[in-house]
Amino acid sequence: MKKGALTLSLAGALALSAVPLNSSVVEAVGNGPGYGGNETINTSILTTYSEMADFLKKQDAKQENMELEVIGQSVKGRDLYVAKYMSNPENPTILFLTQQHGNEQLTTEGALEFIKHLGTGKMKGVTDNVNILVVPMLNADGAMGDVDFSLEDYVASGDRNLTRYNALGVDLNRDHVTKIQPETKALHTNVMSKYDIDYMIDLHHQGANSERDGELVSGSILYPTTPNVDPEVLEGSKKLGAVVFNAVDSTGWGHLGKYRGGDAETISRNGIAVEYGISTLLFEMRGMSDHEYEPYVLGQKSNGYLIKQTVTTLESTVRAIADGSIDTQDTSFWDTLAFQQTRETE
Ligand SMILES: [Zn+2]
């Protein structure tokens, strides 16, 4: 038992018991970060919607080649943003989408870090050869727990809960065919239909207890799995996945499995690939920031690694698209990459 965890927050004492301490979890990761759930789930450490909006506006003012645009409003009237780096219309274009599910926040933290990097020497010159679109926190209302349904069973403590669904209780990632919700409508009208996008990574979080080859995964990936996807688009998706797999799984702390996904086109990974001919990749990071179902929530000890995993994913893919190395990726690893399995929990 880590005594230090107890000093983190008194208010978190309840949540402390909500996620069971499982020492085998830590050992199983071996060369990875400690993935134990022995911490308080205190959401006040996460970036709020307004902090994100302020950050984006500051970066927009600071970064010459970045342009910030409002693409629409959430159910509760929050402005939804796209951060654009469009140096040359002839460049290949990639879109990063985060937090369609409001309780999957670390992907947004990573995307903001990535945007910051784009304004520094670290990524100098990259945006000359690739266009980048970032839509962070699409489900802004769910992310802030500003919803029209009960939050009493949610695990997290702190000043906010985070929900999968939007304010009306709708799963945005099942709305990509009908596009009824204002958030999905904004995305399709002012991003998907407006730009000539070649690649998209849709960033999510999954449950905390999936494993591959006996080790807990830090995430899982999948290409479009509808039979209606164009074979070339599918191959592009597999190449995108190869870049991500090689960048993340080789780090020592990253360990990826193959996500087991269906063929519904209401899901962006499938629907967007078919409707727009965009090569898509689903990336599910480990563990959610909040949920009603306790085993889905991950202690915050791994936050740094999961944010880093997002940054690694975004940076490796823009570099591979910018220098053209994405085109020569070997996609055969997909044939041997095992599906993740759910580990039995106590
Ligand atoms: Zn999700």
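See the structure above.
Described below are features of the structure shown in this document. Computed from a predicted structure; not experimentally measured.

This part takes up the sheet that holds strand β6 (residues 210–212). One open sheet accounts for three strands, arranged β7-β6-β11; its pairing is antiparallel. Here the strands that pair on one side only, and so sit at the sheet edges, are β7 (215–216) and β11 (341–342). Summarising the sheet, β6 and β7 pair through two bridges and their orientation is antiparallel. Within the sheet, the bridge partner assigned to Glu211 lies in β7 and is Leu216.

Between any two of four tetrahedral donors, the ideal angle at the metal is 109.5 degrees; between two of six octahedral donors, it is 90 or 180 degrees. Within the protein, the zinc ion binds to His101 (ND1), Glu104 (OE), Glu104 (OE) and His204 (ND1); these donor distances fall in the range 2.0 to 2.5 Å. Angles of 56 to 153 degrees at the metal separate the four donor atoms of the zinc ion, which places the site in the irregular class. Taken in chain order, the donor set of the zinc ion reads H-x2-E-x99-H. With a gap of 100 residues between them, Glu104 in the loop between β3 (93–98) and α5 (106–118) and His204 in strand β5 (residues 199–206) connect regions that are remote in the sequence.

Next up on the list: the sheet that holds β3. Strand order across the open sheet formed by eight strands is β1-β2-β4-β3-β5-β10-β8-β9, with mixed pairing between neighbours. Looking along the sheet, the strands with just one partner apiece sit at the ends: β1 (67–73) and β9 (256–258). Direction aside, neighbouring strands of the sheet carry axes that sit 20 degrees apart on average. With three bridges connecting them, strand β8 (residues 219–222) and β9 associate as parallel partners. Across the sheet, the residue bridging to Ile221 is Lys258, located in β9. Packed onto the sheet, α5 meets β2 (79–85), β3, β4 (131–135), β5 and β10 (279–286) and runs at close to 145 degrees relative to β4. The strands touched by helix α7 (residues 182–192) are β1, β2, β3, β4 and β5; relative to β1, the strand with the most contacts, the crossing angle is about 140 degrees.

Definitions and cut-offs
- Residues numbered from 1 in each chain as written.
- Predicted model: local features only at pLDDT ≥ 70, side-chain atom pairs only at ≥ 80, totals over all residues.
- Heavy atoms only, no water.
- Pairing = 2+ DSSP bridges.
- Helix = DSSP H or I, 4+ residues; strand = E, 2+ residues; numbered from the N terminus.
- Donors = N, O, S within 2.8 Å, 3.2 Å for Na, K, Ca; no water.
- Tetrahedral: all angles 85-135°; square planar, octahedral: opposite > 155°, others 65-115°.
- Axes fitted to C-alpha atoms, helices over the stretch in contact; angles between N-to-C directions.
- Contact = heavy atoms within 4.5 Å.

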